[in-house]
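# Survey of secondary and tertiary structure
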Amino acid sequence: MSLTKNQVASVAYILKNGDGDVIDQATKDSPMTFLHGVGGMIPGFEQALEGKTVGESFTLVLDPADAYGERDDSLTQDVASSMFGDMSDEHLVPGAQFQAETDAGIEVVTIVSIDKENEIVKIDANHPLAGMTLHFDVEMLAIRDATEEELAHGHVHASGGCGSS
């Protein structure tokens, strides 16, 4: 069976940046399982998996446009530290991520820097992998037809249904 839209795929992968540093991975013992063709994955990854069969292994290099997009400097801004309420200094550090309500809906925002003297926090709403060329080593582990419930909900369910384990 080759992977097509509305099927569930399980893959093992290693994701590296351009320097060869491992950014993320899913193993055979703990694979990534997803509903294919519904926009839940980065576009280039889904396109590359289309038509693959169980047992197939391949390398994939995705430019930013086919992954998380180019960095957008307009998504980095300075905000008053008071916007973080009484968040403790141990949590208000560069690299910390949180969800923020924006004009585009809820987005993940990363703290870039903190200017305590001027009570300013620089935040970045770009995806952490935006602007990066991504290098994947992928192995297709399993393919199955999605259930009607998975198709209706637009995502894979654990055994027993949505939210079960």
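Here goes a summary of the coordinates provided. What you see as residue numbers is a count from 1 along each chain, following the sequence as written. Per-residue local features of the predicted model are confined to residues with pLDDT of at least 70, and side-chain atom pairs are confined, for both listing and counting, to 80 or more; whole-chain, interface and lining totals are unaffected and use all residues. Neither water nor hydrogens contribute to the side-chain values; these are computed over all heavy atoms in the structure.

Looking only at helices and strands, the chain has 2 helices and 9 strands in total. Start at the N end of the chain and walk to the C end: the helices and strands fall as β-β-β-α-β-β-β-β-β-β-α. Taking the principal axes of the C-alpha coordinates as reference, the chain spans close to 60 × 40 × 30 Å. Three labels apply to residues, based on accessible area from a 1.4 Å probe with only protein chains included: buried if under 20% of the type maximum, exposed if over 50%, partly exposed otherwise in between. Counting all 165 residues of the chain, 32% fall into the buried class. Whether two residues are in contact is decided by their heavy atoms, any of which lying within 4.5 Å being enough. Restricting to contacts in the chain with at least 6 residues of sequence separation, those with at least 24 account for 62%. Numbering of helices and strands runs from the N terminus, with a helix taken as a DSSP run of H or I at least four residues long and a strand as a DSSP run of E at least two residues long.

To continue, consider the packing of aromatic side chains. When we look at a pair of aromatic rings, we describe it by the centre distance and by the angle of the planes. Any two rings among Phe, Tyr and Trp, with Trp reduced to its six-membered ring, count as a pair given centres within 6.5 Å; such a pair is stacked if its planes are under 30 degrees apart, edge-to-face if over 60, and tilted if neither. What the rule picks out here adds up to 5 aromatic pairs. Of the aromatic side chains, those joined through ring pairs into one cluster are Tyr13, Phe34, Phe45 and Phe136. Lysine NZ or arginine CZ positioned within 6 Å of the ring centre and within 35 degrees of the ring normal marks a charge as sitting over the ring. One cation-aromatic arrangement involves Lys52 over Phe58; the distance from NZ or CZ to the ring centre is 4.6 Å.

As a further point, take the side chain of Glu46. Turning to its location among the elements, Glu46 is positioned in helix H1 (residues 43-49). Counted charges follow a simple rule, with Lys and Arg positive, Asp and Glu negative, and His plus the chain ends left uncounted. Whenever a carboxyl oxygen of Asp or Glu lies within 4 Å of a side-chain nitrogen of Lys or Arg, that contact is scored as a salt bridge. There is no salt bridge for the buried Glu46, and the closest opposite charge comes from Lys5, which lies 8.6 Å off by N-O distance. Discounting chain neighbours no more than four positions away, the residues touching Glu46 are Leu35, His36, Gly37, Val38, Gly39, Gly40 and Met41.

All right, on to the sheet that holds strand E6 (residues 97-102) then. Backbone-to-backbone hydrogen bonds join strands into a sheet, with any given pair of strands oriented parallel or antiparallel. As summarised here, the arrangement of the 4 strands in space is E5-E8-E7-E6, forming an open sheet in which the pairing is antiparallel. With partners counted over all chains shown, the strands left at the sheet margins are strand E5 (76-80) and E6, one partner each. Across the sheet, the axes of successive neighbouring strands diverge by a mean angle of 45°, strand direction being ignored. Criterion used throughout: strands pair if DSSP finds at least two bridges between them. Here strand E7 (residues 105-115) pairs with strand E8 (residues 120-124) via 5 bridges, running antiparallel. Lines fitted to the C-alpha atoms define the axes, with helices restricted to the stretch that makes contact. Angles between their N-to-C directions range from 0 to 180 degrees.

Note on terminology: a nonpolar core comprises buried Ala, Val, Leu, Ile, Met, Phe, Trp, Tyr and Cys residues joined through side-chain atoms within 4.5 Å. Formed by 23 residues in total, the largest nonpolar core has its most connected members in Val11, Phe45, Leu49 and Phe136. Contributions of two or more residues to this core are made by strand E1 (7-16), strand E3 (32-35), H1, strand E4 (57-62) and strand E9 (134-145). Apart from the residues within four sequence positions on either side, Phe45 is in contact with Val11, Met32, Phe34, Leu60, Leu62, Asp66, Phe136 and Val138. Formed by 10 residues, the second largest nonpolar core is a distinct cluster that contains Leu92, Ala96, Val109 and Val121.

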